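These are the residues of each chain, in order.
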Amino acid sequence: MTDTLDKTEAAPAGDKPENLIEVRGLVSQFGDQAPIHENLDLDVVRGEVLGVVGGSGTGKTVLLNTIIGLKQPEAGSIKIFGHDTGDMTKEQAADIERRTGILFQQGALFSSLSVLDNVASPLVEHTNLSKAVIRELAEMKIAMVGLKPEVHHQKPAELSGGMKKRVGLARALALDPELVFLDEPTAGLDPIGAAAFDDLIRQLSDDLGLTVFMITHDLDSLYAITDQVAVLADKHVVAKAPVRELERSDHPWIKEYFLGPRGRAGSGSKAA
């Protein structure tokens with residue numbers, strides 16, 4: 001059962017929110033080990049910035065990898081854009097890939113390619129556009145994430161951690177996706193860099209109408225940019241609610257996370 005705080009205000013009749021992701025009854029495990037997830041349900045609504053949190057070992061990245069198809073679930077179902085990921089045609093899988101973007105925790109950039117070629121790679125793979133148009137679009141995405149033309153021909157090894165994150169985000173946005181997955185986007189950044197990246201994500205979400213699924217442990221990010229936060233504990237989603245509502249939860253882990261010393265500091269810094 002989910003926490004009683006679970007959920008978004010009811011939409012007006014005839015204006016039901018559209019779920020871009022629907023997870024039902026998910027079971028995840030590796031071999032004979034104990035299940036990581038049992039009977040996990042989660043909806044991600046179009047247009048929301050969803051933060052996903054949980055303690056170590058609760059399977060945040062496993063959940064992301066299962067949703068995007070890098071891991072097969074042991075039981076349950078996952079739908080993205082209405083397509084059941086367990087029973088898709090090649091055309092449906094390609095449709096999902098074109099409509100989603102992914103920023104992995106370490107950027108996962110191609111070390112042998114320049115910044116420009118890294119950002120252009122999804123366009124090369126998924127479109128028949130000319131080289132000139134692909135280059136122009138890649139340059140636009142790089143500018144969109146706040147990087148200057150001077151970085152176009154640099155290799156990932158020449159970039160700072162924050163710049164790598166921005167290049168990874170530009171690549172995730174290359175195909176103008178509707179849905180973006182972010183795995184610990186501010187991990188390893190200093191507080192100023194993390195705040196700037198948070199602002200970038202929120203601005204892009206608002207300007208482009210993105211739906212964002214963001215795994216994070218960064219309390220400042222949760223308070224600054226999320227619309228809803230899903231909490232993984234006890235092998236499933238125990239609550240999904242705005243962060244201010246989660247502060248009032250009676251669940252032990254949620255109370256410790258949001259109202260412990262670090263939680264209070266994060267809350268105070270974002271107080272309304």
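Since the model is a prediction, treat every value here as computed from it, not as a measurement.

Examining the sheet that holds strand β7 (residues 179–183)
In step 1: Read across the open sheet, the six strands follow the order β6-β7-β8-β3-β9-β10; overall the sheet is mixed. Looking at the sheet topology across the chains shown, the edges are occupied by β6 (100–103) and β10 (236–241). Looking at each pair of strands side by side, their axes are set apart by 15 degrees on average, direction ignored.
In step 2: The sheet strands contacting helix α1 (residues 60–67) are β3 (49–54), β7, β8 (211–215) and β9 (228–233), and the helix crosses β8 at an angle near 145 degrees.

Digging into the sheet that holds strand β5 (residues 83–84)
One key point about sheets: their strands pair by backbone hydrogen bonds, in either a parallel or an antiparallel sense.
In step 1: The four strands lie next to each other as β2-β1-β4-β5, forming an open sheet whose pairing is antiparallel. Since the sheet does not close on itself, it has two edges, and those belong to β2 (37–45) and β5, each with one partner.
In step 2: Direction of pairing for strand β4 (residues 75–80) relative to β5: antiparallel, over a ladder of two bridges. Bridge pairing in β5 links K79 to D84.
In step 3: Running at roughly 115 degrees to strand β1 (residues 19–28), α1 makes contact with β1, β2 and β4 of the sheet.

Side note on the side chain of T186
In step 1: By the element assignment, T186 lies in the loop between β7 and α6 (191–208).
In step 2: Given the relative accessible area of 5%, T186 is considered buried.

Focus: helix α5 (residues 161–172)
In step 1: With 12 residues, α5 extends 17 Å from end C-alpha to end C-alpha; this agrees with the ideal 16 Å at 1.5 Å per step.
In step 2: Regarding α5, the residues found buried are K165, R166, V167, G168, L169, A170, R171 and A172.

Here's the deal with α6
In step 1: The terminal C-alpha atoms of α6 lie 25 Å apart, and with 18 residues this matches the ideal 26 Å at 1.5 Å per residue to within 8%.
In step 2: Every buried residue of α6 is accounted for by A194, F197, D198, L200, I201, R202, L204 and S205.
In step 3: For α6, the side-chain oxygen to backbone nitrogen distance between the N-cap and I192 is 3.0 Å, and the N-cap itself is D190.
In step 4: Looking one or two residues beyond α6, the residue adopting positive phi is G209, at roughly 70 degrees.

Some points on unusual backbone geometry
In step 1: Backbone geometry at F81 places phi at a positive 55 degrees, although glycine is not the residue there.
In step 2: Its place among the elements puts F81 in the loop between β4 and β5.
In step 3: For F81, a relative accessible area of 12% corresponds to the buried category.
In step 4: Here D234, not a glycine, exhibits a phi torsion of approximately 55 degrees, which is positive.
In step 5: Locating D234 in the fold gives a position in the loop between β9 and β10.
In step 6: Among the residues examined, D234 registers a relative accessible area of 53% and is labelled exposed.

Some words on the packing of aromatic side chains
In step 1: One pass over the structure, following the stated rule, counts three aromatic pairs.
In step 2: Taking 5.0 Å as the distance between ring centres and 85 degrees as the angle between the ring planes, the aromatic pair formed by Y257 and F258 counts as edge-to-face.
In step 3: A residue is classified by how much of its surface remains accessible, and Y257, at 17% relative accessible area, is buried.
In step 4: With a relative accessible area of 1%, F258 lands in the buried category.
In step 5: Among the aromatic side chains, those forming a connected cluster through ring pairs are W253, Y257 and F258.
In step 6: The cationic tip of K71 hangs over the ring face of F30; the distance from NZ or CZ to the ring centre is 5.0 Å.

Reading the values: the criteria
- Residues numbered from 1 in each chain as written.
- Predicted model: local features only at pLDDT ≥ 70, side-chain atom pairs only at ≥ 80, totals over all residues.
- Heavy atoms only, no water.
- Pairing = 2+ DSSP bridges.
- Helix = DSSP H or I, 4+ residues; strand = E, 2+ residues; numbered from the N terminus.
- Axes fitted to C-alpha atoms, helices over the stretch in contact; angles between N-to-C directions.
- Contact = heavy atoms within 4.5 Å.
- Buried < 20%, exposed > 50% of the residue type's maximum accessible area, 1.4 Å probe, protein only.
- Expected span 1.5 Å × (residues − 1).
- Polar contact = N/O pair within 3.5 Å; in protein donor to acceptor, adjacent residues only side chain to side chain.
- Phe/Tyr/Trp six-rings, centres within 6.5 Å; stacked < 30°, edge-to-face > 60°.
- Lys NZ or Arg CZ within 6 Å of the ring centre and 35° of its normal.

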